[in-house]
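Per-entry structural report
Residue strings, one per chain:
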Amino acid sequence: MEELLLEKVSTITGAEAVVKCLLAENVEVMFGYPGGAIMPVYDALYDYQEELKHILTRHEQGAIHAAQGYARSSGRVGVCIATSGPGATNLITGIADAQIDSTPLVCITGQVHAHLLGTDAFQETDVVGISMPVTKWNCQVTKAEDIPTVLAKAFYIARSGRPGPVLVDITKDAQFGHVEFEYEKCNQIRSYVPKPKVDYLCVKAAAELINEAKKPLVVFGQGVILAEAEKEFKAFIEKAGLPAAWTIMGLSALPSNHELNVGMLGMHGNYAPNKLTNECDVLIAVGMRFDDRVTGNLEQYAKQAKVIHLEIDPAEVDKNVKTTVAVVGDCKASLKQLTALLKDQKHTHWLTNFKELKAIENEKVIQNETNPLVGDMTMGEVIAQINKVTKGEAVVVTDVGQHQMVACRYAEFNQTKSSITSGGLGTMGFCLPAAIGAKFGAPQRQVIAVIGDGGFQMTIQELGTIFQTQIEVKVLILNNQFLGMVRQWQELFFDKRYSSTEMVNPDFQMIAKGYGMAANKVEKRSSLEAAVKEMLTYEGSYLLEVMVGKENNVFPMIETGASVSDIRLE
C-alpha cells in the first residue's frame, strides 16, 4: 500500500507534464481551441490558470496566426494548441506561413489513442504526415514518458538557428498515462548545427569587395531581426556609408528615417533601390533569401554585380542568386567581424543617385498617394495620418493585398519588431488574429491592425477573442469594396474583366458593436484626421472603417517576369 502511495506522489499524467514543460520553457501565454483528443491537456490547464494564460480563439487558424503575431512582436516562441482531425488540419495554413517566414512556433495537437492509429477513427488525421513539408520538425508521441524530452527538443529546434514551426502530436493515451516528471532543457542535438561557425576567410574576402566597391548596395531581410543584430547592422552600414534597402520582412530593422535607408525592394517597392539594383557593383544581401517578389526576373537580376550573401541557412546560398562570397553563420557575429575590416567611407556621389530617383517617385507617386488634394481617399493618406499620431512607435500588423503594400511603403517605424505581415505565403486572414497575438507579445505597445475588407472577413470571428479577453487592438479597415490586388491585376492585364473580385460587404460598425467594440466610419476626407486620432487615443479596442477609392492602384510596380530595372511608376 505504501509503495502505491509513493508512485502516485512521484508521477503525474502526461497531460500535466505538457503543462509543466511549457512552464519550464517560461511560456506565459498560449492560443488554442479545445476538443476531444486534447481534452486531458485542457483539464490539466485548469489548475495552472494563474501561471499560464490560455487565449481561447474562435478558430484554430486564429490560434496559430495569434501565436505568430506573439512570436514576431516578442521575439519568443509562440505556442498554440488544438485537437485532432479538423482542429489539427486547421493549423496547417498558419504552419506553412510560419515556415516560409521563419517564425518560431511550437504547435501541440491531440491525437486519437495509439491503438486506433491507422484505423480511420473519429477525428483521426495523419497530421504528422500532412505537416511534414511545412514544419522545421515534427513528432508524434505515444508514451507519456517521452513528452518532456520531445517538448524540450521542440522548443530548441523552433527557436535556434533559422527559426521555424515545430509540431508535436500527442495521442490521448499518452496524455492519460503517467510519467516521473523531470525536465531538462535541450541545448544541442547531434548532427544539428543551428549556427554554423563563421569562416573568417570569407569575412575577409567580403570586406575586400566592399572596400573596393564604388556603388555598393545592401539588401536586408528579417534575418537581421531574428538574429537581434539591429545594432550590428546599423554600425555596418554607417561605417562604410552603404545604402540599405529592405524586404517587407526586414521592415523596421532599420529606422525609417535613417539617412542610409533607401526604401523597400520588390514588386511594389521603391523606385530607387529597385532600379539601382542593376547598377550597383557589389550587392550585399543580409538575412534575406532572394525571393522572386524581390528579384523579379532572375536572368536579369544584378548580373553586373559581385554578390555577397550573409545567411544562417546554407540551403539559401546560391539557391536563387549565385554568390561571389558567401558568409554562412549568424549575422550578429558575421556583421561584427565584417565591420571591423571595413574602411570608413561615404559614397556620397552614389547616394545622390538614390536621392534623385526618390525625388522622381515622390513627384509621380508618393505625393499623390499620401497627400491627394482631390478625388477619392487613398490608402496612403490614411497611413500618413497614422504616422502623425503614432510618431513611428506603434506595431503595425497588416493582412495581404493592396493595403499591405501601401502600409509597408508608407508606415514609419522607429524600433524593431514593429512591422508584422504575412510575407512568403501571403495569407489573407492573417492580420486580425496576428494583431491579437502581437498585443499579448508586446502589451506595452500600441498595436494597429491594417486590413482590407476582404481579408478581414476571413477571420472576422476573432473579434470574439478581442471581446472575451478585452485586449486593446485598433482595427483599421481600408475598404475599397474589392479584392483590391486581384482587381488591379485584372485591370492591368485582363482588360478590366473583374471576375469575382467585387465585394458586397456587411455593416462592419454594427458587427463591431455586437462584439462590444467602439466603431466609426469615414467617407469624407474632411473627417479622416479627427477619426484616426479618435481611434488611436481611445482607451480600448476600436474599429475604424475608411472608404477609399474602388479602383486605386498601387505603384510603383514590377510586372511578373520583368526585370527590376523595368519598374513602372504608373
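Please read these numbers as outputs of a predicted model, since none were measured by experiment. (Residues numbered from 1 in each chain as written. Predicted model: local features only at pLDDT ≥ 70, side-chain atom pairs only at ≥ 80, totals over all residues. Heavy atoms only, no water.)

Next up on the list: the domain arrangement of the protein chain. Here the protein chain is described as being made up of domain 1 (11–180), domain 2 (200–353) and domain 3 (377–547). Of note, the centres of domain 1 and domain 3, computed from C-alpha atoms alone, are 29 Å apart. Across the interface of domain 1 and domain 3, roughly 1900 Å² is buried in total on both sides, 64% from carbon and sulfur atoms. Interface area lost by domain 1 to domain 3 is led by Arg 58, Arg 72 and Ser 73, which between them contribute 32%. Viewed at the interface, domain 3 and domain 1 are joined by ten residue pairs in polar contact (both at pLDDT 80 or more). Here the side of domain 1 that touches domain 3 gets ten residues from one element, more than from any other, and that element is helix α4 (residues 60–74). (Domains from an automatic or database assignment. Buried area = accessible area lost by both parts, 1.4 Å probe. Polar contact = N/O pair within 3.5 Å; in protein donor to acceptor, adjacent residues only side chain to side chain. Helix = DSSP H or I, 4+ residues; strand = E, 2+ residues; numbered from the N terminus.)

Attention now goes to the layout of surface pockets. For the second largest pocket, the calculated volume is near 980 Å³. Lining the second largest pocket are 35 residues, with Ser 256, Asn 257, His 258, Asn 261 and Lys 358 sitting closest to its centre. Put simply, the parts of the chain that give the lining of the second largest pocket at least two residues each are β11 (261–264), α16 (348–370), α17 (379–390) and α18 (402–410). Examining the composition of the lining of the second largest pocket, we find that ten residues originate from one element, α16, more than from any other. Each residue belonging to the lining of the second largest pocket can be placed in one class, and the counts come to 13 nonpolar, 14 polar and eight charged. No fewer than three residues from each of domain 2 (200–353) and domain 3 (377–547) sit in the lining of the second largest pocket. (1 Å grid on protein atoms, 1.4 Å probe; cavity = no way out; pocket = protein on both sides within 12 Å on 5 of 7 lines; lining within 4 Å. Points joined across faces, edges and corners; volume = space filled by probe spheres on them. Nonpolar A, V, L, I, M, F, W, Y, C, P; charged D, E, K, R; others polar.)

Right, let's get into empty space enclosed by the protein. Per the stated rule, a full pass over the model turns up one cavity of 30 Å³ or more. The computed volume of the largest cavity comes to approximately 70 Å³. Along its surface, the largest cavity is lined by Glu 369, Thr 378, Met 379, Gln 402, Val 406, Asn 480, Val 548, Gly 549, Asn 552, Asn 553 and Val 554. Of the residues contributing to the lining of the largest cavity, the split by class is four nonpolar, six polar and one charged.

What follows covers the environment of Cys 80. Counting through the fold element by element, Cys 80 comes out in strand β4 (residues 78–82). Residue Cys 80 is classed as buried on the basis of its relative accessible area of 0%. Expressed as a C-alpha distance, the spacing of Cys 80 and Phe 220, which sit 140 residues apart in the sequence, is 30 Å. (Buried < 20%, exposed > 50% of the residue type's maximum accessible area, 1.4 Å probe, protein only.)

This brings us to the packing of α4 against helix α19 (residues 431–441). For the pair α4 and α19, the least separation of the axes is 6 Å and the interaxial angle reads 40°. Accordingly, the angle class assigned to the pair α4 and α19 is oblique. Considering how the two elements wind past one another, α4 and α19 form a crossing that is right-handed. Note on element contacts: α19 touches α4 through Pro 433, Ala 434, Gly 437, Ala 438, Phe 440 and Gly 441, opposite Gly 62, His 65, Ala 66, Gly 69, Tyr 70, Ser 73 and Ser 74. Residue composition of the contact of α4 with α19, by class: six nonpolar, seven polar and no charged. (Axes fitted to C-alpha atoms, helices over the stretch in contact; angles between N-to-C directions. Parallel < 35°, antiparallel > 145°, perpendicular 65-115°, else oblique. Left-handed = near helix turned anticlockwise from the far one by under 90°. Contact = heavy atoms within 4.5 Å.)

The subject of this paragraph is the sheet that holds strand β17 (residues 447–452). Strand order in the open sheet formed by six strands is β16-β15-β17-β18-β20-β19, and the pairing between neighbours is parallel. Edge positions in the open sheet fall to β16 (419–420) and β19 (518–522), since each of these has one partner strand only. With five bridges connecting them, β19 and strand β20 (residues 542–547) associate as parallel partners. Residue pairing across strands places Ala 519 opposite Leu 543, the latter belonging to β20. Strands β17, β18 (474–479) and β20 of the sheet are contacted by α17, whose axis makes an angle of about 160° with β18. Along the sheet face, helix α24 (residues 525–537) touches β17, β18, β19 and β20 and points at about 160° away from the line of β20. (Pairing = 2+ DSSP bridges.)

What follows concerns the pattern of salt bridges. In this structure the tally under the stated criterion is 16 salt bridges. With a shortest N-O distance of 3.5 Å, Arg 289 and Asp 291 are connected by a salt bridge. Linking Lys 474 and Glu 472 is a salt bridge whose minimum nitrogen-to-oxygen distance equals 3.2 Å. Given the relative accessible area of 30%, Glu 472 is considered partly exposed. (Salt bridge = Lys/Arg side-chain N within 4 Å of Asp/Glu carboxyl O.)

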